[in-house]
Number of protein chains: 2
Amino acid sequence: MTMVDDSVRPVSRKAARASGRKTAVAAPSRVDRGTRAKRRFDTKTALIRFGTEMCTERGFQVTGIDEVLKHVGVPKGSFYHFFSSKREFGEAIIDNYAQYLSRKLDRLLSDPKRRPLERLAAFTREAQQGVAKYQFRRGCLVGNLGQELGGLDDVFRHRLEAVLLSWQKRTAQCLAEALRAGDLPAGANVDRLAEFFWIGWEGAILRAKLSRSVAPMKHFTEIFFAKVLT
Amino acid sequence: MTMVDDSVRPVSRKAARASGRKTAVAAPSRVDRGTRAKRRFDTKTALIRFGTEMCTERGFQVTGIDEVLKHVGVPKGSFYHFFSSKREFGEAIIDNYAQYLSRKLDRLLSDPKRRPLERLAAFTREAQQGVAKYQFRRGCLVGNLGQELGGLDDVFRHRLEAVLLSWQKRTAQCLAEALRAGDLPAGANVDRLAEFFWIGWEGAILRAKLSRSVAPMKHFTEIFFAKVLT
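Here's a quick rundown of the structure. This structure is a prediction, so every number in the text was calculated from the model and none was measured.

Another point: the nonpolar core. By size, the foremost hydrophobic cluster in this structure holds 134 residues, and its most contacted members are F123, W167 and W201 of chain A together with F123, W167 and W201 of chain B. In this structure, W201 of chain B is in contact with F123, T124, A127, M217, F220 and T221 of chain B, ignoring residues within four places of it in sequence.

In structure tokens, the structure reads:
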């Protein structure tokens, strides 16, 4: 409601008269541009948001564009205004989720109030809350789509692997800080440790879904910190 | 071709005459029962085999019964002779895969020619060959369906979790042997270690699919043996 609306300046009656346009038309016309831009933004966001929910809970292949449109309340033409195909919609959903989790990782893994390893532990706790919040129905979009599409579609496969590598890189940076701070054994290979973390973490989220419990995520984290990082 | 055929004994003309039946009818009739039984067995096996392939590569929800029937070459009636519903078909596919992997685990993890931990390592190597054999398109049926159906269907969820627990139990027994042989630190909690292995292992198979490489499976195994088991 705010960001785009604030950028719309009303047109004065005088300026409208000088330009030969009718105020009643001119003013709404400029407001409409802003409103339209905002609506476009909102519609695209709503499509991606509901698409994310559908893809995370049920999968990409069974997610029907018609159902998404019906839920968001927009005509089919609107969809193809934003996305040329269902594939492009899927890619936008992955990118959006990747950015969301990257922001979360950036926020938690660079928290100056915590030691580096405590930041990673904080991320695992927040993720536990996240999966419990949706009654373990969702898990991780990237893990889900990776499992579903990894063997079927090379474009999605590369994209999903790239997302995991970007999260891994952020984690490795955090571990490198821990190494510099003397909180990891000298000579620890932070890239390999970060890769191990993400391999096991996606497995832990899958098991959390199956057992409807954060116990597998806790269990993986405990052994990772107690054994793998020491 | 053999097991069921071997159990069919031909009826002698004399026995047929004594029973008042015509040989020409009696003999094929008994052979037919056997042939029918064999065909039923073969058909059910073929349905489960192709269903497994479809479910592992594409998922359960998008697997169409019509496509399975067309591939196997049986009419719809045959399908409902074996399975009352698609769900029951899915359950048979899970059970068949669970038994297949349990047999593999039993064979490898009780190999008297290897020390217990070497048996587990042998399992991870054979699994690497398994995923590479299908060009990383399949992965693990239980991991795939767990990811797809874990949040959607409680019956499947419980079944898949039970399968993982049964594999974990076999793994824990192998680790218990290692403990008794002095190959694990005294006091090691073999149940928790086996659980950790299966949490991470399913994650490693997912990453193998995404990266089209056995590297994540190797990487997980190496750190598991070098750090977690020591």
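Residues and elements named next belong to chain A. Taking 1.5 Å as the rise per residue, helix α7 (residues 116-133) with 18 residues should run 26 Å; its terminal C-alpha atoms sit 26 Å apart, in good agreement. In the core, the buried residues of α7 are packed alongside α6 (86-109), α9 (154-180), α10 (190-211) and α11 (215-228). Two residues or fewer after α7 comes Q135, characterised by a positive phi angle close to 50°.

Attention shifts here to the relation of the copies chain B and chain A. Taken as rigid bodies, chain B and chain A are interconverted by a rotation of 180° and an axial shift of 0.0 Å, the fit giving an RMSD of 0.0 Å. Between the two chains, the operation in question is that of a two-fold axis. Looking at the interface residues of chain B, 100% of them are also at the interface in chain A, so both copies use one shared face.

A few words now on the interface of chain B and chain A. Interfaces are frequently sized by the accessible area removed from exposure as the parts join. Between chain B and chain A, the residue contacts involve 45 residues of the former and 45 residues of the latter. Buried area between chain B and chain A, both sides added, is near 4,200 Å², and the carbon and sulfur share of it is 57%. Its largest share of buried area at the contact with chain A, chain B owes to Q147, R207 and L210 of chain B, together 19% of the area lost on that side. There are six salt bridges connecting chain B and chain A. Close ionic contact of D154 of chain A with R212 of chain B constitutes a salt bridge, the shortest N to O distance being 3.5 Å. There are 18 residue pairs in polar contact (both at pLDDT 80 or more) connecting chain B and chain A. Taken together, the elements giving at least two residues each to the side of chain B that touches chain A come down to α8 (141-149), α9 (154-180), α10 (190-211) and α11 (215-228) of chain B. By residue number, the principal contributor to the side of chain B that touches chain A is α10 of chain B, which donates 14 residues. A breakdown of the residues in the side of chain B that touches chain A according to their chemical character gives 17 nonpolar, 13 polar and 15 charged.

Take unusual backbone geometry next. Residue and element names in this part refer to chain A. Unusually for a residue other than glycine, Q135 sits at a positive phi of about 50°. Residue class for Q135 comes out partly exposed when judged on its relative accessible area of 44%. Although it is not a glycine, R212 sits at a positive phi angle of roughly 50°. Along the chain, R212 turns up in the loop between α10 and α11.

Evaluated as defined, the whole model comprises 41 aromatic pairs over all chains. Pairing F196 of chain A with F220 of chain A gives two aromatic rings, centres 6.3 Å apart and planes at 20°, and the pair type is stacked. Of this pair, F196 of chain A sits in helix α10 while F220 of chain A sits in helix α11, and the two are 24 residues apart along the sequence. On the accessibility criterion, F220 of chain A (0% relative accessible area) is buried. Where F197 of chain B meets W198 of chain B, the ring centres are 5.5 Å apart and the plane angle is 90°; that geometry is what we call edge-to-face. Under the relative-accessibility criterion, F197 of chain B is labelled buried at 0%. The ring of F60 of chain B has K86 of chain B sitting right over it, with the charged end atom 4.5 Å from the ring centre.

Thresholds applied
- Residues numbered from 1 in each chain as written.
- Chains lettered and ligands numbered in written order.
- Predicted model: local features only at pLDDT ≥ 70, side-chain atom pairs only at ≥ 80, totals over all residues.
- Heavy atoms only, no water.
- Core = buried A, V, L, I, M, F, W, Y, C linked by side-chain atoms within 4.5 Å.
- Buried < 20%, exposed > 50% of the residue type's maximum accessible area, 1.4 Å probe, protein only.
- Contact = heavy atoms within 4.5 Å.
- Helix = DSSP H or I, 4+ residues; strand = E, 2+ residues; numbered from the N terminus.
- Expected span 1.5 Å × (residues − 1).
- Least-squares fit on C-alpha atoms with pLDDT ≥ 70 in both.
- Buried area = accessible area lost by both parts, 1.4 Å probe.
- Salt bridge = Lys/Arg side-chain N within 4 Å of Asp/Glu carboxyl O.
- Polar contact = N/O pair within 3.5 Å; in protein donor to acceptor, adjacent residues only side chain to side chain.
- Nonpolar A, V, L, I, M, F, W, Y, C, P; charged D, E, K, R; others polar.
- Phe/Tyr/Trp six-rings, centres within 6.5 Å; stacked < 30°, edge-to-face > 60°.
- Lys NZ or Arg CZ within 6 Å of the ring centre and 35° of its normal.

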